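Geometric and topological summary
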Amino acid sequence: MRERPYTLLSCCVSIDGYIGKAASRLLLSNEADFDRVDAVRASCDAILVGAKTVRADNPRLLVRSEARREERTARGLPDSPVKVTVTRRAELDSRADFFNAGDAEKIVYCASPWAAAAQDRLGRVATVVDAGENVEMRMLSADLAARGIDRLMVEGGGTVHTQFLTEDIVDELQLTVAPIFVGDSEAPRFVRDGIFPWNPARRAELVDVQKLGDVVLLRYALSSRFRDQAGNGC
Ligand SMILES: NC(=O)c1ccc[n+]([C@@H]2O[C@H](COP(=O)([O-])OP(=O)(O)OC[C@H]3O[C@@H](n4cnc5c(N)ncnc54)[C@H](OP(=O)(O)O)[C@@H]3O)[C@@H](O)[C@H]2O)c1
């Protein structure tokens, strides 16, 4: 068993680096890219989003394509990946689609002070894990590995991205750039402030660029594990 899952961070940003609007959901990508993301989801064991994304977007996080769902069940997997979120305050609605759409397991990592409240609120619809005073993504990743998660997709938002990237536990970044500007510094960005391992002295390795209609997909290898993944072909 690996100490943590192969971790792929997937995000769509505006030209000016935002991932949403300040007060409402914003669909940045196009159908071709949504379908590509669906294929990536289908290839993963679990998908993780932050609690704010659960509250703001009410995402279902299911594999949309029937063929891909069938292919997963033929391999003995749930038709969509396990859903994972992380919260401190546990202010999550058990009626959210995150918890109710699909049959795969849902896991909530919660900081200790609110873990009992999370269990009361969400224990019926999810596995609640008391993840310590401060939830660290490296610890969370190790716990997912122990639960059999071998391939993890991180799908936002910026607070979660920042922690995975600054803790240097991302193997691959798939960044789609949509041809729009948001132009509002109150809106959420791809990442927040932090000390990132990639800088002028250690540049990230760009391994592929694809045009998908009006968006562009940039694929970066962020660790040596990238090349060990079957199908990466680099
Ligand atoms: N364009 C895209 O590809 C994309 C993808 C996903 C999301 N988004 C957008 O991103 C925005 C949300 O991003 P965001 O950065 O504001 O929030 P986020 O990363 O989705 O979630 C942040 C929340 O996660 C919990 N959390 C994060 N780190 C934690 C830790 N170490 N310990 C305990 N809890 C932790 C906290 O939840 P509590 O507040 O519950 O304590 C925190 O408020 C939304 O507007 C959404 O639409 C865009």
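One can find the structure itself at the top, above this paragraph.
Residues numbered from 1 in each chain as written. Predicted model: local features only at pLDDT ≥ 70, side-chain atom pairs only at ≥ 80, totals over all residues. Heavy atoms only, no water.

Considering unusual backbone geometry
- A cis amide bond links glycine 156 to the next residue, glycine 157, at an omega of -5°.
- For glycine 157, the location among the structural elements is in the loop between strand E6 (151-154) and helix H7 (158-166).
- A positive phi angle is found at asparagine 58, which is not glycine, with a value near 45°.
- Relative to the helices and strands, asparagine 58 is located in the loop between helix H2 (51-57) and helix H3 (66-74).
- Of the residues examined, asparagine 58 reaches a relative accessible area of 35% and is grouped as partly exposed.
- The backbone of alanine 90 shows a phi angle near 60°, a positive value even though the residue is not glycine.
- As for its position among the elements, alanine 90 is in the loop between strand E3 (82-87) and helix H4 (97-100).
- Taking the relative accessible area as the measure of exposure, alanine 90 reaches 0% and is therefore buried. (Helix = DSSP H or I, 4+ residues; strand = E, 2+ residues; numbered from the N terminus. Buried < 20%, exposed > 50% of the residue type's maximum accessible area, 1.4 Å probe, protein only.)

Remarks on the layout of surface pockets
- Volume-wise, the second largest pocket comes out at about 200 Å³.
- Around the second largest pocket, the lining residues are Leu165, Leu173, Leu175, Phe190, Val191, Phe196, Trp198, Ala204, Tyr220 and Leu222. (1 Å grid on protein atoms, 1.4 Å probe; cavity = no way out; pocket = protein on both sides within 12 Å on 5 of 7 lines; lining within 4 Å. Points joined across faces, edges and corners; volume = space filled by probe spheres on them.)

Focus: the side chain of threonine 176
- Relative to the helices and strands, threonine 176 is located in strand E7 (residues 172-178).
- For threonine 176, a relative accessible area of 0% puts it in the buried group.
- A polar contact of 3.4 Å, which involves the side chain of threonine 176, links it to the side chain of aspartate 33.
- Setting aside anything within four residues of it in sequence, one finds threonine 176 in contact with Cys11, Cys12, Val13, Ser29, Asp33, Arg36, Val215, Val216 and Leu217. (Polar contact = N/O pair within 3.5 Å; in protein donor to acceptor, adjacent residues only side chain to side chain. Contact = heavy atoms within 4.5 Å.)

Thoughts on the site of the ligand
- Surveying the vicinity of the ligand reveals 25 residues, the closest of which are Thr53, Arg55, Thr87, Thr159 and Gln163.
- Side-chain polar atom of aspartate 57 to an oxygen atom of the ligand: 2.8 Å apart, as the coordinates give it.
- Contributing elements (two or more residues each) for the shell around the ligand: strand E1 (6-14), H2, E3 and H7.
- Sort the elements by how many residues they give to the shell around the ligand and H2 lands first, with five residues.
- For the shell around the ligand, a count of residues per class yields ten nonpolar, eight polar and seven charged. (Near = heavy atom within 4 Å. Nonpolar A, V, L, I, M, F, W, Y, C, P; charged D, E, K, R; others polar.)

Things to note about the packing of aromatic side chains
- For the structure shown, the criterion picks out one aromatic pair.
- Ring centres of phenylalanine 98 and phenylalanine 99 lie 4.9 Å apart, and the angle between their planes is 80°; this geometry places the pair in the edge-to-face category.
- Sitting above the plane of the phenylalanine 98 ring, lysine 83 keeps its charged end 5.7 Å from the centroid.
- Taking the ring centre of tyrosine 18 as reference, the NZ or CZ of arginine 189 above it sits at 4.5 Å. (Phe/Tyr/Trp six-rings, centres within 6.5 Å; stacked < 30°, edge-to-face > 60°. Lys NZ or Arg CZ within 6 Å of the ring centre and 35° of its normal.)

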